[in-house]
Amino acid sequence: MKFLLLVIIFTTLNAHAADEKTVLSSSDATVHASITEIEAFSKKKLTKKDLPELKKNLSTLLKLDDLDPSREAVIILSESYNKNKALYDKALKSIENNKNKSQLKEIKNLLKSHYSKGNG
Amino acid sequence: MRSTPDFGRRDRNKVGVITKGTKFNVLRSIPMSGGAEALQIHVTGLSGNAHLQVSETYWVYKSKKSDFIKVDNRPRETQAGSTDLPCDGCGEVQSSSANQRDIGEVTTTIIRQENQPDENAEDTYAPRTPGNLDQQIRNYSNSSKVETTINFALRRKRARSVGRCYRYVKDALAAGKLIPSWYSGVAARTGKEALKRYGFINLLDTEPYKSDIKKPSQAPKGAVLVYSSGVPCKGTRIPDCGHIEIKTGRAGSNAYVSDYSYPTGINETPRAVRFGSRYRLIGVMIKPM
């Protein structure tokens, strides 16, 4: 009986650990997939038709902020921002609200400065 | 006499003049063009108006033709051993008259200590070969300057990167007096060469460290880690901006710091380990002490 109880406890702990690993792995996978998508987008020549996709990617940057403090995706988009400032500013304005205003301001500053001024 | 190994006319690092009778030990020699050498010396005794300080280190230019310094015929490496063993010249080099010479003659003394890898260390960095540089790395990691640098960096860090990793690292190094003052430089990747002007060396340029250190977790505490990233900051005409951070040696989320902190180096995050990283470690910078 004791042995059976130990087996049950051991199995439950293992299952819990596996669940945790799955959760961590899935957020890594999410971040990786998002950054890959953003990197592909950053190489596109943008027109007004790309505005919806641009808004979607900028919203993704906000979600990634909690998962990736290095802001790798923002840095990747910096060159694209500097080549399409008007379109980016329009997209940023359209997704802005009271909750994300200061966060978007930081992201915009980083988009603006990394390509043109570096990180020194 | 200079504070850094820069001997140009316009370099503002002159600190004094070495005069006859000044006693010093040569810590290391950096080859320069034309057969010249930059000698880092540790002053042990003054003579005349040298305007120098005992127990400080300075840089001296020795041209190929110059006779003002003659290296004697003693072997460059003394016997190995700890300071507990009877060792001729070990540990008390400065007080031993046999090891002090006038300016016309130089004794190069390298103190060797046996290095045992610390098996309990959390980091995997463990010096493989005994030598002066291993001790100098340890001195650097344990120095108050590095501690001040790290404390300053951790006080100023932000929750997330603001794209100023290089600036924040430079500010921290200046606060810890590891560089004389803040210097300009727009791309983190250029820190690999820029820091050499202030006495830093890149461990990835020297064996056995080049073979031993493949990732940030293997670097010593206090090391300034420089990465290439492949992401341009072309507005500054630099095709690869890179990244830079300091290894703090602390546990948890403050283990690596620049303008933000993280538990791992930027190319050792769980995501990077699983999916690969655009960041490549190209510099492990320390200042030998």
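Residues numbered from 1 in each chain as written. Chains lettered and ligands numbered in written order. Predicted model: local features only at pLDDT ≥ 70, side-chain atom pairs only at ≥ 80, totals over all residues. Heavy atoms only, no water.

**Notes on the overall build of chain B**
Consideration 1: Each helix and strand counted, chain B has six helices and nine strands in total.
Consideration 2: Within the span of chain B, comprising 289 residues, buried residues form 48% of the whole.
Consideration 3: Considering only intrachain contacts with a sequence separation of at least 6, the fraction spanning at least 24 residues in chain B is 57%.
Consideration 4: Accessible surface, chain B: about 14,700 Å² in total, of which carbon and sulfur atoms supply 46%. (Helix = DSSP H or I, 4+ residues; strand = E, 2+ residues; numbered from the N terminus. Buried < 20%, exposed > 50% of the residue type's maximum accessible area, 1.4 Å probe, protein only. Contact = heavy atoms within 4.5 Å. Areas by Shrake-Rupley, 256 points an atom, 1.4 Å probe, with all protein chains shown as cover.)

**Digging into the sheet that holds strand β7 (residues 256-257) of chain B**
Within a sheet, each strand pairs with its neighbour through backbone hydrogen bonds, oriented either parallel or antiparallel.
Residue and element names in this part refer to chain B.
Consideration 1: As summarised here, the arrangement of the six strands in space is β4-β9-β5-β6-β7-β8, forming an open sheet in which the pairing is antiparallel. In this open sheet, the two edge strands, each paired with only one partner strand, are β4 (201-202) and β8 (261-262).
Consideration 2: In the sheet, β7 pairs with β8 via two bridges, with the strands oriented antiparallel. If you follow Tyr256 over to β8, its bridge partner there is Tyr262. (Pairing = 2+ DSSP bridges.)

**Structural notes on the packing of aromatic side chains**
Consideration 1: Using the criterion set out here, one finds four aromatic pairs over all chains in the structure.
Consideration 2: Ring centres 5.5 Å apart and planes at 75° place the aromatic pair Tyr81(A) and Tyr88(A) in the edge-to-face group. Taken as a pair, Tyr81(A) and Tyr88(A) share a single burial class, namely buried.
Consideration 3: Cation over ring: Arg156(B) sits above Tyr168(B), and NZ or CZ is 4.5 Å from the ring centre.
Consideration 4: In this structure, Lys170(B) is placed above the aromatic ring of Tyr183(B), and the distance from its NZ or CZ to the ring centre is 5.2 Å. (Phe/Tyr/Trp six-rings, centres within 6.5 Å; stacked < 30°, edge-to-face > 60°. Lys NZ or Arg CZ within 6 Å of the ring centre and 35° of its normal.)

**Side note on the sheet that holds strand β3 (residues 57-62) of chain B**
All names here are of chain B.
Consideration 1: On the basis of which strands lie adjacent, the open sheet formed by three strands has the order β1-β2-β3 and antiparallel pairing. The open sheet has two edge strands with one neighbour each: β1 (23-31) and β3. Strand after strand, the sheet turns through a mean of 30° between neighbouring axes, direction not considered.
Consideration 2: Alignment of strand β2 (residues 37-45) against β3, held across six bridges, turns out to be antiparallel. When the bridges of β3 are listed, His42 appears paired with Thr57. (Axes fitted to C-alpha atoms, helices over the stretch in contact; angles between N-to-C directions.)

**Remarks on the confidence of the model for chain A**
Consideration 1: In the predicted model, chain A carries a mean pLDDT of 87, and the fraction of residues at 70 or more is 86%.
Consideration 2: Predicted confidence is poor over residues 20-24 of chain A, with pLDDT under 50, and the contacts of this stretch with residues over four places away or in other chains come to zero contacts. (pLDDT = per-residue confidence, 0-100.)

**Details of the nonpolar core**
Consideration 1: Ranked by internal contacts, the top residues of the largest apolar core, which has 43 residues, are Phe200(B), Val224(B) and Val284(B).
Consideration 2: Not counting residues within four places of it along the chain, the set of residues in contact with Val224(B) comprises Tyr140(B), Val169(B), Leu173(B), Leu195(B), Phe200(B), Ile244(B), Glu245(B), Ile246(B), Gly283(B), Val284(B) and Met285(B).
Consideration 3: Listed in part, the 27 residues of the second largest apolar core include Leu46(A), Leu51(A), Ile75(A) and Val231(B). (Core = buried A, V, L, I, M, F, W, Y, C linked by side-chain atoms within 4.5 Å.)

**Structural notes on unusual backbone geometry**
Consideration 1: With an omega of 0°, the peptide bond running from Glu207(B) to Pro208(B) counts as cis.
Consideration 2: Structurally, Pro208(B) is set in the loop between β4 and α5 (209-212).
Consideration 3: Of note, Arg71(A) is a non-glycine position whose phi angle comes to about 55°, a positive value.
Consideration 4: Inspection of the secondary structure puts Arg71(A) in the loop between α2 (51-67) and α3 (72-83).

**As for the environment of Pro232(B)**
Consideration 1: Tracing the chain through its elements places Pro232(B) in the loop between β5 (224-228) and β6 (243-247).
Consideration 2: Relative accessible area serves as the criterion here: at 15%, Pro232(B) is assigned to the buried category.
Consideration 3: A sequence separation of 10 residues divides Pro232(B) from Gly242(B), and the C-alpha atoms of the two residues are 8.2 Å apart.
Consideration 4: Contact partners of Pro232(B), with chain neighbours within four places excluded, come to Glu79(A), His114(A), Tyr115(A), Ile238(B), Pro239(B), Asp240(B) and Cys241(B).

**A short note on the packing of α2(A) against helix α5 (residues 101-117) of chain A**
Residues and elements named next belong to chain A.
Consideration 1: Viewed as axis vectors pointing N to C, α2 and α5 meet at an angle of 110°, and their least axial separation amounts to 11 Å. Comparing their axes, α5 and α2 come out roughly perpendicular. The segment α2 lies against α5, with Leu58, Leu61, Leu62 and Asp65 engaging Gln103, Leu104, Ile107 and Leu111. (Parallel < 35°, antiparallel > 145°, perpendicular 65-115°, else oblique.)

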